[in-house]
Amino acid sequence: MSSFTTHRRLISQAMIAVVALMGLWQIFVNSFGLHPLLVRRKDFIQEYLLAKAVLTRTEPYRPLPEMAAALLNFPPDEMIPHPATHPPPMAVISLPLALLTYSQAAAVWFVLEIVFVGISCYLLLRWWGVLPLPVRVATATMMAFVWSPLGDEVLVGQLNTLLLLLLLLAWLRLRNGKAAEGGAWLGGALIVKLMAWPIVLFLLLQKNWRAVITSGVVVVTGHLAAILLMGWESVINYYLKVAPAVPPLVRANEGNFSIWSLGWRLFEGVHCDILYSSTAPPLIESPGAARVVSFLAPLVLLGVGFRLASRASHFDHAFSILVCVSVLANPIVWSHYLVIIAIPLAVAFRALSTGGWPRRIYIVAGAIGGLLFLPRMEMLHLMALFKVSETVNLRRMVIPQVPFTAGLITLIPMIAVLGLMWLLWRLDQRKTAELSASEPQSEMCIAVE
């Protein structure tokens with residue numbers, strides 16, 4: 001081995017070690033979210049209160065301040081004034097944690113999220129063809145936490161690390177032709193959050209009956225368990241009242257980059273009274289245009305996404321495009337939802353690592369990656385530079401007002417995810433001939449079961 005190769009290897013190992021230590025530091029910093037003064041503000045409190053309500057035989061979809069005051073004796077002004085937003089089966093999944101105190105349960109969930117990330121790294125290393133030795137898995141797990149969406153995720157105690165793991169398992173089973181198993185894992189993802197519905201819809205259009213049926217069986221089973229524990233009235237109440245009521249409250253929030261929010265952001269402006277939010281005026285004030293654009297934009301996204309996925313020559317690229325669609329098609333999309341974008345990012349990076357691509361492809365890929373790694377707080381700080389005045393919202397928080405153009409800054413993640421969809425499509429099309437000769441048949445287009 002030449003000295004140049006040795007030096008390059010040492011530099012690579014040093015860089016990996018530095019990034020891993022940075023990730024470890026980020027885990028340590030995020031652990032401060034478990035401090036008694038901060039732990040009450042975690043999103044995890046939704047799962048805990050859902051399960052606690054089941055144990056105490058009370059209505060689980062009351063407003064969070066009311067539930068926190070009754071079940072945990074927390075001051076009501078510390079809670080967001082709406083019910084839990086997650087599906088009824090989460091009450092079943094969270095039930096064991098409700099046997100602990102809230103602080104203990106939050107700490108356990110914090111550890112579990114790190115474990116979920118570790119298992120996901122193990123699966124990705126195996127898919128890549130790298131022997132997943134414990135030291136490699138641990139290093140990859142620490143490195144992953146340098147990514148700001150993952151840090152946001154564990155800080156607030158959300159569900160996206162679990163969702164990523166379930167989608168990974170669904171993807172790996174489906175790509176190997178195991179439709180029933182893949183559908184079951186996909187159903188598991190749906191009972192955690194309803195984000196993956198575009199994937200199921202696409203499988204239905206592709207007539208992958210085994211995947212769709214097993215997915216449906218898991219979803220129905222999860223809801224039957226929820227009905228047994230909390231009653232059918234609570235389950236019906238969630239889908240008819242709670243789920244439709246929450247998105248309008250945050251549809252124009254600066255942190256929500258769902259495709260559904262596009263019309264409201266452009267024609268109603270950026271604002272939100274129940275969460276911290278900058279405010280910005282609309283391009284043109286038109287409630288009618290806001291409704292039309294916010295209705296049509298998701299349909300266009302679904303149409304384009306389904307067409308790209310159906311024409312993709314390889315399942316990895318098709319599934320990755322559908323994951324991108326699933327993220328943006330959700331009515332509410334915060335920065336930590338980008339955690340599941342790890343799947344399309346891994347697929348794109350693996351394709352690019354083979355080399356031989358035009359320089360412009362690498363430039364575009366680098367730009368997309370940089371935008372997806374841009375921390376949300378940095379975007380907020382960038383918006384604050386354009387502040388023109390301040391107001392006070394209903395929760396007595398000082399809210400900066402910025403110009404319309406500054407309000408577009410927080411749409412950067414939406415643009416980056418759309419760019420990632422395009423990149424995956426280009427990678428698939430340019431490498432079709434080479435990959436068709438090297439990939440096994442089970443990795444080609446989605447099998448019709």
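Conventions used here
- Residues numbered from 1 in each chain as written.
- Predicted model: local features only at pLDDT ≥ 70, side-chain atom pairs only at ≥ 80, totals over all residues.
- Heavy atoms only, no water.
- Helix = DSSP H or I, 4+ residues; strand = E, 2+ residues; numbered from the N terminus.
- Buried < 20%, exposed > 50% of the residue type's maximum accessible area, 1.4 Å probe, protein only.
- Contact = heavy atoms within 4.5 Å.
- Areas by Shrake-Rupley, 256 points an atom, 1.4 Å probe, with all protein chains shown as cover.
- Salt bridge = Lys/Arg side-chain N within 4 Å of Asp/Glu carboxyl O.
- Phe/Tyr/Trp six-rings, centres within 6.5 Å; stacked < 30°, edge-to-face > 60°.
- Lys NZ or Arg CZ within 6 Å of the ring centre and 35° of its normal.
- Core = buried A, V, L, I, M, F, W, Y, C linked by side-chain atoms within 4.5 Å.
- Polar contact = N/O pair within 3.5 Å; in protein donor to acceptor, adjacent residues only side chain to side chain.
- pLDDT = per-residue confidence, 0-100.
- Axes fitted to C-alpha atoms, helices over the stretch in contact; angles between N-to-C directions.
- Parallel < 35°, antiparallel > 145°, perpendicular 65-115°, else oblique.
- Nonpolar A, V, L, I, M, F, W, Y, C, P; charged D, E, K, R; others polar.
- Expected span 1.5 Å × (residues − 1).
- Left-handed = near helix turned anticlockwise from the far one by under 90°.

This paragraph deals with the overall build of the chain. Scanning the chain from N- to C-terminus turns up 22 helices and 2 strands. Burial status across the chain gives 51% buried among its 449 residues. Taking all contacts inside the chain whose residues are at least 6 apart in sequence as the whole, residues at least 24 apart take part in 73%. Carbon together with sulfur atoms contributes 69% to the accessible area of the chain, which is approximately 20,400 Å² in total.

Before going further, it helps to examine the pattern of salt bridges. Enumeration over the complete set of coordinates arrives at 4 salt bridges. Here R173 and E181 are joined by a salt bridge, their closest N and O atoms 3.6 Å apart. Notably, a salt bridge pairs E268 with R251, separated by 3.7 Å at the nearest N-O pair. With E268 in the loop between α14 (262–267) and α15 (287–311) and R251 in the loop between α13 (247–250) and α14, the pair connects residues that are 17 residues apart, well separated along the chain. Given the relative accessible area of 27%, R251 is considered partly exposed.

The tally for this structure, following the rule as stated, stands at 16 aromatic pairs. Ring geometry for W127 and W128: centres 5.8 Å apart, planes at 85 degrees, overall edge-to-face. Aromatic side chains Y238 and Y239 sit 4.8 Å apart centroid to centroid with 85 degrees between the ring planes, which places their arrangement in the edge-to-face category. For Y238, a relative accessible area of 4% corresponds to the buried category. The structure contains a cluster of three or more aromatic residues connected by ring pairs, namely F44, Y48, F74, Y102, W109 and F116. In this structure, K193 is placed above the aromatic ring of Y337, and the distance from its NZ or CZ to the ring centre is 3.8 Å. Note that R350 overlies the ring of W127, its terminal NZ or CZ placed 4.7 Å from the centroid.

Attention now moves to unusual backbone geometry. The residue N73 is not glycine, and still its phi comes out positive at about 60 degrees. One non-glycine residue, K207, lies in the positive phi region at around 60 degrees.

Grouped together as the largest cluster of nonpolar side chains are 127 residues, with contacts concentrated most on L167, W171, I199, I341 and L420. Not counting the four nearest positions on each side in its chain, I341 is found in contact with W147, C324, V327, L372, V417 and L420.

Structurally, E285 can be placed in the loop between α14 and α15. In sequence terms E285 and G269 are 16 residues apart; their C-alpha atoms lie 7.7 Å from each other.

Okay, the side chain of T141 next. Looking at where T141 falls in the secondary structure, it is placed in helix α6 (residues 134–144). Judged by its relative accessible area of 8%, T141 falls in the buried class. Among the polar contacts made by the side chain of T141, one reaches the main-chain carbonyl oxygen of V137 at a distance of 2.7 Å. Those residues in contact with T141 that lie beyond four places of it in its chain are I114, V117, G118 and C121.

The residue G118 is located in helix α5 (residues 102–128) in this model. For G118, a relative accessible area of 14% corresponds to the buried category. When residues no more than four places from it in sequence are discounted, the contact partners of G118 are V137 and T141.

This brings us to the confidence of the model for the chain. With 89% of its residues at a pLDDT of 70 or more, the chain has an overall mean of 87. Within the chain, the lowest mean pLDDT, 53, falls on helix α22 (residues 432–438), and the highest, 97, falls on helix α8 (residues 160–175).

Next up on the list: the packing of helix α11 (residues 209–230) against helix α12 (residues 232–245). Running from N to C, α11 and α12 point in directions that differ by 120 degrees, and their axes come no closer than 7 Å. When the axes of α11 and α12 are compared, the pair comes out oblique. In this structure, α11 uses H223, A226, I227 and M230 to contact α12, whose residues at the interface are W232, S234, V235 and Y239. For the contact of α11 with α12, the per-class residue count stands at 6 nonpolar, 2 polar and no charged.

In this section: helix α16 (residues 315–329). The first and last C-alpha atoms of α16 sit 21 Å apart over 15 residues, in line with the 21 Å expected at 1.5 Å per residue. Among the 15 residues of α16, 15 are classified as buried, and the element is accordingly described as predominantly covered.

Turning to the packing of α15 against helix α21 (residues 412–430), a few remarks are in order. Relative to each other, α15 and α21 sit at 20 degrees, their axes nearing to 10 Å. Between α15 and α21, the angle is such that the two are roughly parallel. α21 is crossed by α15, and the crossing has left-handed handedness. Facing L301, G305, L308 and R311 of α15, the residues of α21 in contact are L418, M421, W425, D428 and Q429. In terms of residue class, the contact of α15 with α21 is made up of 5 nonpolar, 2 polar and 2 charged.

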